[in-house]
Amino acid sequence: GSTTARTLANRFADVVNVKDFGAVGDGVADDTAAIQAATNVNKKIYFPSGIYKITSPINTSSFAVNIAGDGQEKSIILQASAGNNCWNHGQITFPIYGATFEASEIAFKCTGAGGTALNITLDPTSGGFVLRNVLISGYQNQTNNYWVDGIVGLGCSLTDFTNVTIIGRNGGSLNAVNNGITFGTFVRSDQANPGAFVFNIRGGVVNFYKNGIVFNSSTYSGIEGATITEVNCNGCVNFVVHNNTIYPVNLYRAPQFVITNCQFEGFGSLFRFDGASYVWLNKNLAFISPTNGLQPTGFTSQDVIYIRNSFGIKITENQLICYTGSSILYFIKFDSGGSGCLLSKIRDNTFSTLGTSSGGIYSAVGNNNIQESGTQLIVWPVANPPFWTNLEPSWSKNYSRTEVERYNDTSITNNGGGVTCDDSGLITYNFTTTTTTDATGRATVTIPFGLSVFKYIRNVIAVNGDSNATPSNVGSVSIVWNTVNVTNNTFDVKFTNITSITPVRINAIVLGY
């Protein structure tokens, strides 16, 4: 069981230095040929501090690649030929088993509009794609210098990113860029099920792209098993997008996505999942910004979280905030299509909007067993309905303990209006308002929030809300029931003792489903 110590010379022999192959690293000399020659040795490649200018892509394919520098602002590979990729790995018909790609403590930059910084295709049964403390961005001026795509990885199983920073076009139109990271399957004739499996992304930044991170499940068995933690995404339209073009040809919805403790400040969606299963979105923070003219052509308002044709979705303890001047559709939308959405839970999330929205949570026809509890709606515009449509909450136990804490409408805020829902889906809407009776004691009550939150109204209770009313005894208050329905924002009441036109204040409770 004894071991033999390796000599220092033997250990150094495992690593090659690009400068030993003629690289200069001064940002002026063309180091393309030297770097390419270093890769042919099939050993770990070391880039000492410097700027290594290249004018065509570095191409590797049939062996593992491991490159390292002295730090992402010290060791820089600079693609100086606009439109070119920086590094292509595995771009052959059949990716070679074991041809992994690993990079650490290094930057990939470009001048002009570059192609793709890292363009990687691997064998999904073995290919590891590992990045540690890596920077991908334009060189200096990032409005004019940017990668059109940061990373494209196909068939990349055992992917592990730690503290990877990807900066797209900062200050320019997003028409010119695509995605910060794109993962997908690799269509090939020698594998029946060319999926891509196990993705871990911890820390890092993805800014100024149309989409931050995209998963494309285009072949069976799609993308599986992704964990994203503590990633910041700013200036993008969307943060994480999953597209499934397998379904319904193959009745398969790619499973196992966990996204937690991430932050997004952008214009569209925090998450968009189509054809996914067993997804957990937990403790994320999203700020939806007003448009600034840099969005891609055709951009329109979107749902903050959009789910379609998916099941087993947990959305818990997220904070979703719309800035003043921003516009969204719904905070969470379960759309129709495919086999619908089912077996999903929404719990303890907070929605806040100073902008405009279509509402809080929406579920389309065809979805079922979607449960909600503990949602808080704060700073909520009076015209934006907070609740679902096209589902019977009493059947699926939705709306449990949902509450509107404060509206933008100051009259409601001052009067303490609010909506709460119990675990059986019973909505209780409390409000105080003022009106004026006619000479018979009848008055029309305008409901500040409207009755559109209800499918059915079970009961309405109204009482005199002014102890100093004149006359001092206005009598009892009754509801004129034929004026109550879910399409009206008003209903009538009748005071028994009022015989002249009288201003009154009313406390009311509406109960229903």
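Visitor: How should I be thinking about the pairing of strand β16 (residues 211-217) in this particular structure?
Guide: The side chains of a regular strand alternate between the sheet's two faces. Among the seven residues that make up β16, six are buried, leaving the element largely enclosed by the rest of the structure. In this sheet, β16 lies alongside strand β14 (residues 179-184) in parallel orientation, the contact comprising five bridges. Bridge pairing in β16 links F183 to F215. Pairing between β16 and strand β19 (residues 238-244): six bridges, direction parallel.

Visitor: How should unusual backbone geometry be read in this particular structure?
Guide: A negative phi angle characterises most non-glycine residues, just as the trans form characterises most peptide bonds. Of note in this structure, N163 is not a glycine but carries a positive phi near 55°. Summarising the element assignment, N163 is placed in strand β13 (residues 159-167). Take N163: its relative accessible area is 38%, and that puts it in the partly exposed class. Non-glycine residue L343 carries a positive phi angle of around 50°. You can see L343 is positioned in strand β29 (residues 342-347).

Visitor: Hey, could you run me through the environment of I35 in this one?
Guide: Among the structural elements, I35 can be located in helix α2 (residues 32-39). Taking relative accessible area as the criterion, I35 reaches 0% and is therefore assigned buried. Placed 17 residues apart in sequence, I35 and Y52 show a C-alpha to C-alpha distance of 8.7 Å. With residues near it in sequence (within four places) discarded, I35 still touches F47, Y52, I54, I58 and W87.

Visitor: How should I be thinking about the state of the cysteines in this particular structure?
Guide: In a disulfide, the sulfur atoms of two cysteines are covalently bonded to one another. Taken as a whole and assessed by the stated rule, the structure comprises zero disulfides. The thiol of C110 is unpaired, and the distance to the nearest cysteine sulfur, on C86, comes to 8.6 Å.

Visitor: Can you walk me through the sheet that holds strand β10 (residues 113-121) in this structure?
Guide: As a general point, the strands of a sheet are linked pairwise by backbone hydrogen bonds and lie either parallel or antiparallel. On the basis of which strands lie adjacent, the open sheet formed by eleven strands has the order β5-β8-β10-β12-β14-β16-β19-β22-β25-β28-β31 and parallel pairing. A strand with exactly one partner marks an edge of an open sheet, and here the two such strands are β5 (58-60) and β31 (359-363). Going from strand to strand, the sheet's axes swing by 10° on average, the running direction of each strand aside. Each of β5 and β8 (87-89) touches α2; the most contacted strand, β5, lies at about 15° to it.

Visitor: Please clarify how the side chain of N179 should be interpreted in this entry.
Guide: Its place among the elements puts N179 in strand β14. Classification of N179 as buried rests on a relative accessible area of 13%. At 3.0 Å, the side chain of N179 and the side chain of T182 are in polar contact. Contact partners of N179, with chain neighbours within four places excluded, come to V148, D149, G150, Y209, N211, G212 and V214.

Visitor: I keep staring at the pattern of salt bridges and nothing clicks. Help me out?
Guide: A side chain of one charge can pair with a side chain of the opposite charge when the charged atoms of the two come close. Following the criterion strictly, the structure yields six salt bridges and no others. Note that D274 is salt-bridged to R308, the shortest N-O span being 3.0 Å. Of the two residues, D274 sits in strand β22 (residues 271-274) while R308 sits in strand β25 (residues 305-308), which places them 34 residues apart along the sequence. A relative accessible area of 19% means that D274 is categorised as buried. Put simply, D348 and R347 hold a salt bridge, and the shortest N to O gap is 3.1 Å.

Visitor: Looking at this structure, I do not really get the confidence of the model for the chain. What am I missing?
Guide: Do not read the predicted coordinates in detail wherever pLDDT is low. Per-residue confidence for the chain averages 84 on the pLDDT scale, and 81% of its residues sit at or above 70. Segment residues 389-399: pLDDT under 50, and 40 contacts once partners within four positions in sequence are set aside and those in other chains are kept. Across residues 405-416 the pLDDT falls below 50, and counting only partners more than four positions away or on other chains, this stretch makes 26 contacts in the model.

Visitor: Got a minute to help me understand the side chain of S289 in this structure?
Guide: Inspection of the secondary structure assignment puts S289 in the loop between β24 (285-288) and β25. Not counting residues within four places of it along the chain, the set of residues in contact with S289 comprises E265, G266, F267, Y323 and S326.

Visitor: Help me out: how do you make sense of the pairing of strand β28 (residues 330-335) in this one?
Guide: Across the six residues that make up β28, a large majority, six, are buried. Two elements, β25 and β28, share four bridges in a ladder whose sense is parallel. Looking at the pairing, I307 lines up with F334 of β28. Pairing between β28 and β31: four bridges, direction parallel. Each residue of the ladder has a partner; that of F334, found in β31, is S363.

Visitor: Got a minute to help me understand the sheet that holds strand β40 (residues 490-495) in this structure?
Guide: The three strands are arranged β37-β40-β39 in an open sheet whose pairing can be described as antiparallel. This sheet does not close on itself; its edge strands, each paired only once, are β37 (442-446) and β39 (477-480). In this sheet, adjacent strand axes meet at a mean angle of 35° when their direction is disregarded. Note: β39 against β40, four bridges, orientation antiparallel. Bridge assignment links V477 to a residue of β40, and that residue is F495.

Visitor: I tried to follow the packing of aromatic side chains on my own but got confused; where do I start?
Guide: Between two aromatic rings, the relevant description is the distance of the centres plus the angle of the planes. Counting across every chain of the model gives 16 aromatic pairs. A ring pair is formed by F257 and F273, whose centres lie 5.4 Å apart and whose planes are at 65°; its orientation type is edge-to-face. Of this pair, F257 sits in strand β20 (residues 254-260) while F273 sits in strand β22; the two residues are 16 residues apart in sequence, bridging distant segments of the chain. Considered together, F257 and F273 belong to a single accessibility category, that of buried residues. With a centroid separation of 4.8 Å and 35° between ring planes, the pair formed by Y330 and Y362 is classed as tilted. Of this pair, Y330 sits in strand β28 while Y362 sits in strand β31, and the two are 32 residues apart along the sequence. Grouping residues by exposure puts Y330 and Y362 together as buried. Positioned over the ring face of Y306 is R272, at 4.4 Å from the centre of the ring. Taking NZ or CZ as reference, K314 lies 4.5 Å from the ring centre of W280, over its face.

What counts and what doesn't
- Residues numbered from 1 in each chain as written.
- Predicted model: local features only at pLDDT ≥ 70, side-chain atom pairs only at ≥ 80, totals over all residues.
- Heavy atoms only, no water.
- Buried < 20%, exposed > 50% of the residue type's maximum accessible area, 1.4 Å probe, protein only.
- Helix = DSSP H or I, 4+ residues; strand = E, 2+ residues; numbered from the N terminus.
- Pairing = 2+ DSSP bridges.
- Contact = heavy atoms within 4.5 Å.
- Disulfide = S-S within 2.5 Å.
- Axes fitted to C-alpha atoms, helices over the stretch in contact; angles between N-to-C directions.
- Polar contact = N/O pair within 3.5 Å; in protein donor to acceptor, adjacent residues only side chain to side chain.
- Salt bridge = Lys/Arg side-chain N within 4 Å of Asp/Glu carboxyl O.
- pLDDT = per-residue confidence, 0-100.
- Phe/Tyr/Trp six-rings, centres within 6.5 Å; stacked < 30°, edge-to-face > 60°.
- Lys NZ or Arg CZ within 6 Å of the ring centre and 35° of its normal.

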